[in-house]
Amino acid sequence: MKRLLSSNGLWIGIALLALLIFPLIQRSQYYQHVMVMTMMAAVLASSWNILGGYAGYTSLGHAAFFGLGGYLVALAHNYFGWHPFVSTWFLGFVVLGVALVLGWISLRTHGSAFVVVTIAMVFIFRLVALNLSNITNGARGLTQPRPGWGGVPWSPEFIKVPFHYIMLILLCITIFASWRIRQSKFGLGLIAIREDEGKAEAVGINTMLYKVLAFGFSAYFMGVAGGIYSYFFTYIDPQFIFDVFTGVTMVLIAILGGRGTLWGPVLGAFIMEPLGNWVIGTFGGTQIHLTIFGGVLLVVMLFMPQGILPTLSDAIRQRKKAGMVKAPSP
Amino acid sequence: MTLPSTHLLIQTIILGLLVGGVYALMSSGLTLIFGVMRVINVAHGAFLILAAYSTYWLFQLTGLDPIISIALTAPLLFGLGWVIQRYILSRIENPERSSVIITFALAVTLEGLMGTFWKTTIRSVKPEYASEVLKFASYRFPVTRLAGFAAALLVLLILYLILQRTNLGRAIRATIQDRNAAQLVGVNVQMVSAVTFGIGIATAAAGGSLLSMIYSFNASSQTDWITRVLSVIVLGGMGSLPGAFVAAIILGVMEQLTAVVVTLYWSPIVFYLFLFLTLIFRPQGLMGEIVREKA
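Read on for a plain summary of the structure.

Criteria and thresholds
Residues numbered from 1 in each chain as written. Chains lettered and ligands numbered in written order. Predicted model: local features only at pLDDT ≥ 70, side-chain atom pairs only at ≥ 80, totals over all residues. Helix = DSSP H or I, 4+ residues; strand = E, 2+ residues; numbered from the N terminus. Rg over C-alpha atoms; globule rule 2.2 N^0.38 Å. Buried ≥ 20, exposed ≤ 12 C-beta atoms within 10 Å, placed from the backbone. Contact = placed C-beta atoms within 7 Å. Nonpolar A, V, L, I, M, F, W, Y, C, P; charged D, E, K, R; others polar. Pairing = 2+ DSSP bridges.

A word on the overall build of chain B. Within chain B, the regular secondary structure consists of 11 helices and two strands. Sequence-ordered secondary structure for chain B, helices as α and strands as β, is α-α-α-α-β-β-α-α-α-α-α-α-α. The C-alpha atoms of chain B give 19 Å as radius of gyration, which agrees with the globular expectation for 295 residues (19 Å, within 12%). Overall, chain B is about 60 × 45 × 35 Å in size when its C-alpha atoms are taken along their principal axes. Looking at chain B as a whole, 52% of its 295 residues qualify as buried. For chain B, the proportion of contacts with a sequence separation of at least 24, taken over those separated by at least 6, is 80%.

Taken together, the contacts link 39 residues of chain A with 36 residues of chain B. Residue assignment for the side of chain A that touches chain B shows that the elements contributing at least two residues are α5 (111-131), α12 (244-257) and α14 (288-303) of chain A. Of the residues in the side of chain A that touches chain B, the class split is 24 nonpolar, 13 polar and two charged.

What follows covers unusual backbone geometry. All names here are of chain B. Although it is not a glycine, Arg-38 adopts a positive phi angle of roughly 55 degrees. By secondary structure assignment, the location of Arg-38 is in the loop between α1 (6-37) and α2 (44-62). The residue Ser-138 is not glycine, and still its phi comes out positive at about 65 degrees. If you trace the backbone, Ser-138 turns up in the loop between β1 (133-136) and β2 (139-142).

All names here are of chain B. The pairing of β1 with β2 spans four bridges and is classified as antiparallel. Note on β2: the bridge partner recorded for Phe-136 is Tyr-139. Hairpin connection between β1 and β2: a loop of two residues separates the two successive antiparallel strands, and Ala-137 in this loop has a positive phi of roughly 50 degrees.

On to the environment of Ala-202 of chain B. Residues and elements named next belong to chain B. Counting through the fold element by element, Ala-202 comes out in helix α8 (residues 189-214). Residues Ala-202 and Leu-76, spaced 126 residues apart in sequence, show a C-alpha to C-alpha distance of 7.7 Å. Discounting chain neighbours no more than four positions away, the residues touching Ala-202 are Ala-74, Leu-77, Phe-78 and Gly-81.

Below, the structure written as structure tokens:
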């Protein structure tokens, strides 16, 4: 913790303070909503990054765990009356358990085959949610009562505020976990797997165990976020929550900010999510936002495959170097 | 779950075979592209839908028959494919690692454009013979599916002749076998890649034109179709054309059987389960070689 704070302490403090007082200053329902969604996008991209960034396994299917968390929390709320703000943290472990099994199966594949398997995962989950209609209510979806605490619903002016703070807590935990993993031997092992899985195995890393754990951890935070999300919207249906596009969005955000870096996914979320909301707000119900997302992803992949943060830090390092020593002749 | 009668079972298998032929056409281009370029073109489903919309448009404006419109959609999409390979895909430095994300981005971009232009209304092309059914020994053959199957076989035959009988085909096959060796003996691999991508997308165009009269679709159907065709080529063995053909028939029949024996709603799961199981237990597929991919 100390090391995390000592290097970037000032910036983290400022950002945290800004996020803490945000809903007190900004009373607009719209901007409060966008901020909750932005922090959620940062959670999703950061937890995707544990597997996709550190270990280098591109999953386009983590929306499956997001949706699973959403369904578990909504079901527990409707059937047992468990409050989502409490239950989501525990039900996240169920998601983690499911993810460990699916990870153990799907991580036998590599490269493009793995990507394809993860896409199929979303569709399987969606199909199950659609067809187990006596539990999940099928295509009609699940509705939860208006958010509140202790039987008293929150007033419409206040309703976004609790969600703001619980999402902020989740964001802090996710970033902290991502940082801890990155600093640990486990994290080093994941990076070794990304660089050369064969050699990583040869030097004694239990690559399968490492990959499955990374898969599980990244699913946990997705599940928790999904749980909060389902309560935030009070309505979920299979089509909506098991969406491949959700998976693509988090990948785009992580890649844009800087895949494999701690802060890249957070930065990407604070760029893409407000932009996405602006596009949807401006162009309304059309699907042009898909084109804009796809286009941005395409441009980033082609011209800045490392993402914003690594590109920036490279540039700064170059500049510092240039000041000290002569640039080496090519 | 009820066990159907023999008559219903045979009828179902017939429908499965007919649909399987169309699946074979749709996935042939995908497996060819993978064979030559080691690129999984996730945008294949989007190209199918693009062709389906073009066919729908042509039919609405001029009344052109969906099967005949292949003669227009295929060259059009060949050109589009060639351009995309030449100016986007050829720039990728590490295709095995990033081509999936790039083609996915392409798919999302196309889906957004199609959704914007053609809205979300579910479409389908209904030529005059749309509801006609041929009867043969008490078995029913819907005319659209029969025609689709015949057209699919015809296009596949043309593809086969191009691959086996022309110099271009020889160059493509050589590149599939060994890219470097092909280059050494004078094959212009860059050119072959661009042309293969074009041909692959052209077969998707033919498949999409047939799709438009057999199924209903809108822009977001592309995600459903890409998983289907991906399952086909994974089961068949990525890069293997005969494999894709066999797998398409198997999956077509299995899908129809699930629809009858279980329910219609569960039938798409056949594709996802086969995809999952193949990649785990037989990653090389039915007829593919083991490709060591670097993760």
